[in-house]
Protein chains: 2
Amino acid sequence: MSWEENVRKVVPYTPGEQPKINNIIKLNTNECPYPPAPSVKRAMDSFEYETLRLYPDPNSGSLISALSDYYNVPSDQIFVGVGSDDVLSMAFLTFFNSDKPILFPDITYSFYDVWADLYKIPYKQIPLDEDFRIKKEDYYIENGGVIFPNPNAPTGLVEDLDMVEDILQNNNEVVVIVDEAYIDFGGKSALPLIDKYENLLVVQTFSKSRAMAGMRIGFAFGSKKLIGYLNDAKFSFNSYTMNRPSLELGAATLADKEYFNETCSRIIATRERVKPLLAELGFVFPDSSSNFIFAKHKTVSGKKIFEELRSRGIIVRRWDLPRISEYLRITIGTDEQMDTLISALKEIV
Amino acid sequence: MSWEENVRKVVPYTPGEQPKINNIIKLNTNECPYPPAPSVKRAMDSFEYETLRLYPDPNSGSLISALSDYYNVPSDQIFVGVGSDDVLSMAFLTFFNSDKPILFPDITYSFYDVWADLYKIPYKQIPLDEDFRIKKEDYYIENGGVIFPNPNAPTGLVEDLDMVEDILQNNNEVVVIVDEAYIDFGGKSALPLIDKYENLLVVQTFSKSRAMAGMRIGFAFGSKKLIGYLNDAKFSFNSYTMNRPSLELGAATLADKEYFNETCSRIIATRERVKPLLAELGFVFPDSSSNFIFAKHKTVSGKKIFEELRSRGIIVRRWDLPRISEYLRITIGTDEQMDTLISALKEIV
C-alpha cells in the first residue's frame, strides 16, 4: 500500500488570473477599480507593527463590533472569515451534513460544487430558466440545504426578497444560504429576514464594493444559534483566522460611509452607461445588478472575443462550461477603462 | 425534522486567553517577547494601501519564494497557510483520510484531537512514557497517519532526528507530520529528510521565533507530490488564504537573519537562566528545548499557583487534563518579566 491511497483527491477551484504584467486592464475578478476608503489608509498609518508579535483576538471583537454597529445586528449574530470563500467553506462544512443533496443553480458561483466535492456533500444543480432566472418551485424538493447567490454570479441577475422568502418558507428543515457578494450594487439584502428565519445565513464580503479584496474579509449574519454552530466549527479549524491588520483595517473600512456610497454609485453609473454601448455593438446580456456584465455577442464567439481582448491587454473572464461558453464576464472598471474596452470591442466585432 | 439535525456539532479548541487588561505579564500563549524584525517595519511603511483593492496572489509567490531562498527548498515543495493551525488543519483534511486511526501522543498539542473530531478521523492517543518521552516502538502499529510535535508541546522536550527517522522508516504507507512550531529554540529540524521520505510533512510557523503571531503565517515542507495534494485541497477550500500584508510582511520577516538569530539566542539564554531558579523554588520540569517551560511544584498545586499568579497579573497556561493538571506551561518572556515571575513564585510557594 502507498501513502497516496488515503489522500483526499479533489479537483480544485480555479481562480481568475492575477497577472503580473503592468498596463493591463484587469476586468476578470470583479475587483473595485477605486482604492479602499481613506479611513483604511489612516488605520494602516497608525498600525503598530510591534503588536504583530501577539496573537490577534480570536473572537475578532473589533471587526465584529464595527459590523454590529454598521448593520445594527447583535455581535452574536455575526461571523467573520478570510473572505466570503472562507465563510462559505465553513458553512458548507458545518451545515451541509446530510445524506440528501444540497441544491444550487447550474449556472452560479463555480466554487459551490468544489466545496461539495471537498467535503463529500451530495449535490444537485438546478437549471436556471432560459433567461438565467431562478425558478423558485425547483427548490421545493427534499434536500440537504440550499445555497444561491443574490445577485447571482456570473449572470448578475438579482431576485427580489419575495422570492428569497418563498424559498425559505419551503425549506425550513435545512439551512438556506444567500450569498450576497454583490448586493451593494443592486437588489435588497435578505438581512432583515434573519430574525424571522432561524435557518437563514446571509453572507457578504469586503472584496467587491469595499475595495478590500487584498485583505480577505467576509462576513455572515444569522440567528444566534446558526452563528454559534459556525463559530464552533471555526474554532475547531483554526482559532485565529483573521490577522491583526485585517481586524484593524477591516473595522476602519466601515468608518467612511460617504466614500462607500460614492464608490458604489460611480460603479453603478458606469455600468448603466456601458449597457447600451454593448447592446449597440451587438451584445446581449442579462440586466446586471452587480459590478460586472455577463455578455455574449450575437455573431462573434466568446472565445474569439476573449482572446482578441487579451491580445490588446484587456483581461475578462470566460468559462468553457455548458450553456455559458459564449459569454464573457466583464467587470465594471473605471469609465476610462470601459471606454478602452468599448473601443477594442468595436475593432473585434 | 429541524435544520439543526444536519449540523456538524463539535467541541472546539480553546485558545489561550488574549486578555485586554494592560500591565499584564502574558506568559500563556508562547508569543515572542520581542518585536518582529526591523525589516517587517520597513515593509509595513512601504506597503501601498491602494493595492488592497486587488486580490492577493493565490499562489503566495512572494512569500514562498522568500522561504525557498531562505531554507534552500524548491518552491513546489513549500506550502503556506494562515498560521501553522491552518496548514495542519488542511493536512489533516487532505492526508488523514483512512478508516484506520491516526496516532499522536496523549500529551501533545491539544488541537490534534479537535481536528480529528471535526473531520471525523479515527485516532489513537499513544501515552508518553513517565518522563514524557515518545516511545518510538508504539508507533509501529497499523495506522492511518502519524503526527507529533518536535519539540513536543506542552512538554518542551525535543527528540533527536534518529528517532524521527525511525518512525518514518516504520510508517512508509501513511503520511507522517512533524510539527516543528518550536524547532528554532532547540533540536534539529527534519527538513533534510523530506527528499528521502516522500510521505514526510514538516510544519513550521512565524508565530513563535519570528514574533509574527499576529500575522498568522505557517508553512510546510514536503515532497512535490505531498505539497501538490495539499495545494489541491487548499484551492478547494479558499483560493486566497494569505492576504496582501501577510505576503509582503511575511517575506520581509526572513530578510533580517541576524535579528532572528539574536532574538532566539536571547530567549534561549533567558530560559537557561530561569531553569535553575525554578528548580531552587522546588519546581520539577522536563528539560525544555522550546520557548516555554512545563513545570509543576513538588508540594503546591498547579491550580493554586496558576490562580495566585493570575491575581498578581501574571498569566500562564494550565490544562485540567489527566497526567498534567499539576503542571503550568510558562512562556519565556523578557529577563525582566521572568524576574517578576520568580519573585511572585517565591511569595506563592
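Conventions adopted
Residues numbered from 1 in each chain as written. Chains lettered and ligands numbered in written order. Predicted model: local features only at pLDDT ≥ 70, side-chain atom pairs only at ≥ 80, totals over all residues. Heavy atoms only, no water. Buried < 20%, exposed > 50% of the residue type's maximum accessible area, 1.4 Å probe, protein only. Helix = DSSP H or I, 4+ residues; strand = E, 2+ residues; numbered from the N terminus. Pairing = 2+ DSSP bridges. UniProt positions renumbered as here; feature names shortened; annotations may be inferred. Polar contact = N/O pair within 3.5 Å; in protein donor to acceptor, adjacent residues only side chain to side chain. Contact = heavy atoms within 4.5 Å. Disulfide = S-S within 2.5 Å. Least-squares fit on C-alpha atoms with pLDDT ≥ 70 in both. Axes fitted to C-alpha atoms, helices over the stretch in contact; angles between N-to-C directions. Buried area = accessible area lost by both parts, 1.4 Å probe. Salt bridge = Lys/Arg side-chain N within 4 Å of Asp/Glu carboxyl O.

Caption draft 1: Highlighting the pairing of strand β10 (residues 292–297) of chain A. Residues and elements named next belong to chain A. In terms of burial, β10 is a largely internal element, five of the six residues being buried. Relative to β10, strand β9 (residues 283–284) runs antiparallel, the two being bridged by two bridges. Its bridge partner being in β10, Phe-283 is matched across the sheet by His-297. Judged from the four bridges that link them, β10 and strand β12 (residues 328–331) form a sheet pairing that is antiparallel. Pairing of Phe-294 across the sheet is with Arg-329, part of β12.

Caption draft 2: Structural detail: the UniProt feature "modified residue: N6-(pyridoxal phosphate)lysine" (unreviewed entry) in chain A. Residues and elements named next belong to chain A. Sequence positions flagged by UniProt for "modified residue: N6-(pyridoxal phosphate)lysine" (unreviewed entry) are, in local numbering, Lys-208. Topologically, Lys-208 is positioned in the loop between β7 (200–205) and β8 (218–221). Assessed through its relative accessible area of 8%, Lys-208 is described here as buried. Separated by 3.3 Å, the side chain of Lys-208 and the backbone oxygen of Thr-29 make a polar contact.

Caption draft 3: Geometry of helix α5 (residues 161–169) of chain B. Where α5 of chain B is concerned, the buried positions are Met-163, Val-164, Glu-165, Asp-166, Ile-167 and Leu-168 of chain B. Residues of α5 of chain B that are buried make contact with β5 (146–149), β6 (176–179) and β7 (200–205) of chain B.

Caption draft 4: Fine view of the state of the cysteines. Residues and elements named next belong to chain B. By the definition in use, this model includes zero disulfides over all chains. In this structure Cys-32 is not part of a disulfide, and its nearest cysteine sulfur, from Cys-264, lies 7.6 Å away. When its relative accessible area of 0% is taken as the criterion, Cys-32 is described as buried.

Caption draft 5: The arrangement of the relation of the copies chain A and chain B in detail. Expressed as a screw operation, the relation of chain A to chain B combines 0.0 Å of axial shift with a rotation of 180 degrees, fitting to an RMSD of 0.0 Å. On this basis, the relationship between the two copies can be described by a two-fold rotation axis.

Caption draft 6: The arrangement of the sheet that holds strand β4 (residues 123–126) of chain A in detail. Residue and element names in this part refer to chain A. One open sheet holds the seven strands; their spatial order is β2-β8-β7-β6-β5-β3-β4, and the pairing between them is mixed. Each edge of the open sheet carries a strand with a single partner, namely β2 (78–81) and β4. Neighbour to neighbour, the strand axes of the sheet diverge by 20 degrees on average, direction disregarded. Sheet topology places strand β5 (residues 145–149) next to strand β6 (residues 176–179); four bridges connect them, and they run parallel.

Caption draft 7: Structural context of unusual backbone geometry. Here the bond from Ala-153 of chain A into Pro-154 of chain A is cis, since omega is 5 degrees, no more than 30 degrees from zero. Among the structural elements, Pro-154 of chain A can be located in the loop between β5 and α5 (161–169). Of note in the backbone geometry, Ser-60 of chain B takes a positive phi value of approximately 50 degrees without being a glycine. One can find Ser-60 of chain B in the loop between α1 (38–45) and α2 (61–71). Its identity is not glycine, yet Phe-132 of chain B carries a phi of approximately 65 degrees, on the positive side. Within the secondary structure layout, Phe-132 of chain B lies in the loop between β4 (123–126) and β5.

Caption draft 8: Examining the interface of chain A and chain B more closely. At the interface, 86 residues of chain A touch 86 residues of chain B. Summed over both sides, the interface of chain A with chain B buries roughly 7,500 Å², with 59% coming from carbon and sulfur. In terms of surface lost to chain B, no three residues of chain A exceed Trp-3, Tyr-49 and Tyr-55 of chain A, which account for 12% of the buried area on that side. Linking chain A with chain B are two salt bridges, by the criterion used here. Our count for the contact surface shared by chain A and chain B stands at 49 residue pairs in polar contact (both at pLDDT 80 or more).

Caption draft 9: Just the sheet that holds strand β12 (residues 328–331) of chain B, in detail. Residues and elements named next belong to chain B. Across the sheet, three strands lie side by side as β9-β10-β12; this open sheet has antiparallel pairing. Since the sheet does not close on itself, it has two edges, and those belong to β9 (283–284) and β12, each with one partner. Its contacts with the sheet put helix α8 (residues 257–280) on β9 and β10 (292–297), and the angle it makes with β10 is roughly 0 degrees.

Caption draft 10: Summary view of the UniProt feature "domain: Aminotransferase class I/classII large" (unreviewed entry) in chain A. Per the UniProt record, "domain: Aminotransferase class I/classII large" (unreviewed entry) is found at residues 23–345 of chain A. Here residues 23–345 of chain A is 36% helix and 15% strand, with 18 Å between the C-alpha atoms at its ends.

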